[in-house]
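Residue strings, one per chain:
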Amino acid sequence: MSGQTALAPKRQRSIDKQPYNWKKLGQRIWRSKHIYLMLLPGVLFFAIFRYIPIYGIQLAFKKYAFNMGITGSPWVGLDNFRLLFLDGDFWQAVINTLIIAYLQILVFFPFPVVLAILLNEIRVHKYKRTVQTIYTFPHFLSWVIVSGMVLNMLASAGAINNLLNVLGFERVHFLTNKDTFRQLLVIVLTWKESGWSCILYLAAITAIDPTLYEAAVIDGANRWHKMRYITLPGISMIVVVTLILRIGHIMDAGFEQILNIYNPSVYAVADIIDTYIYRITFQRPANFGLSTSVGLFKGITNCVLLLSANWLSQRIGQTGIL
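It should be emphasised that the depicted structure is a prediction, and the values quoted were computed from it without experimental measurement. (Residues numbered from 1 in each chain as written. Predicted model: local features only at pLDDT ≥ 70, side-chain atom pairs only at ≥ 80, totals over all residues. Heavy atoms only, no water.)

Some thoughts on the nonpolar core
- Judged by nonpolar contacts, the single largest core of 21 residues is most densely connected at Leu175, Phe181, Ile258 and Ala270.
- For this core, the elements supplying multiple residues, two or more each, are helix H6 (88–108), helix H9 (143–154), helix H11 (181–206), helix H15 (255–261) and helix H16 (267–270).
- If one sorts the elements of this core by residue count, H11 sits on top with five residues.
- Once residues within four sequence positions are removed from consideration, Leu175 is found in contact with Val150, Leu151, Leu154, Ala155, Phe181, Leu184, Ile261, Asn263 and Val266.
- If you look at the next biggest cluster of nonpolar residues, it comprises 20 residues, including Cys198, Ala216, Met227 and Val239. (Core = buried A, V, L, I, M, F, W, Y, C linked by side-chain atoms within 4.5 Å. Buried < 20%, exposed > 50% of the residue type's maximum accessible area, 1.4 Å probe, protein only. Helix = DSSP H or I, 4+ residues; strand = E, 2+ residues; numbered from the N terminus. Contact = heavy atoms within 4.5 Å.)

Remarks on the packing of helix H17 (residues 273–282) against helix H18 (residues 288–315)
- Viewed as axis vectors pointing N to C, H17 and H18 meet at an angle of 170°, and their least axial separation amounts to 9 Å. By the criterion of interaxial angle, the relationship of H17 to H18 is roughly antiparallel. Between H17, through Ile273, Asp274, Tyr276, Ile277, Ile280 and Thr281, and H18, the contact on the second element is made entirely by Phe288, Leu290, Ser291, Val294, Gly295 and Lys298.
- Grouping the constituent residues of the contact of H17 with H18 by class yields seven nonpolar, three polar and two charged. (Axes fitted to C-alpha atoms, helices over the stretch in contact; angles between N-to-C directions. Parallel < 35°, antiparallel > 145°, perpendicular 65-115°, else oblique. Nonpolar A, V, L, I, M, F, W, Y, C, P; charged D, E, K, R; others polar.)

Re the pattern of salt bridges
- Counted under the stated rule, the structure contains seven salt bridges.
- One salt bridge in this structure joins Asp79 and Arg82, with 2.6 Å as the shortest N-O distance. With Asp79 and Arg82 both in helix H5 (residues 79–85) and three residues apart, this pair spans about one turn of that helix.
- For Asp79, a relative accessible area of 40% translates into the label partly exposed. (Salt bridge = Lys/Arg side-chain N within 4 Å of Asp/Glu carboxyl O.)

Listed below in structure tokens is the structure:
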């Protein structure tokens, strides 16, 4: 018995030394070739637009010169970061980004959850599909089109102000009012994206065991009780995961939306990190090292926030993403 025990590690080492059977791996891939073909566009997207650009991160520590290229440009250490952290406009952009992202999480994030639960309660399927289509349609409009609609309706000479003028009221400066511009951004975002975002929660609701609802009816539960004690707990895991992912993008406060709507009158409250990068790159003498340092700061901050949210989620007993 002791001899067999002594030989066991030797057998294990001999098994470990056996070459990997690449032929079988190729056969398994070929059998599932359709799945891998569907996976290929996503892999190529992340490889081209997420991993290959990592090579350019070194610009954050260099003074870029066109004639020398990325590799030949001289290193300047942390000079770009020192210049960045001394810029008051940068810190104002950071504050604006955090405030707008907080408002988005506070208002926009729970709205699709509520919308999905309410849509699930509609019993007339034709009406339910019609309402869902209406709510989803704005997602397919580009921010250029949506911004044009907002400008035509809320500008000083827009439709709403013209109506107010006809009714004898004073014109309201919706797009130049610093006190309400952030709220306007969140309202427009909620209108545009809530219908699309609720699809995920509707899919999660369909995975809930129908017998739970049947048992609840037998116990005398009404619709409110079923929503509160069955539907909402049933999708809580998806809600937590999407919240973690949203916190991981907290430094992305909506570049396309803000760039197409804001104006110099509201820079103090609406200039976020992405628009700040755009302005220092294309509206000033180009400094790609400084722009890259801003992007690196933003990426590291998002990563820290994502890991922190995931850790906190696991600490309170919820499922994380890692």
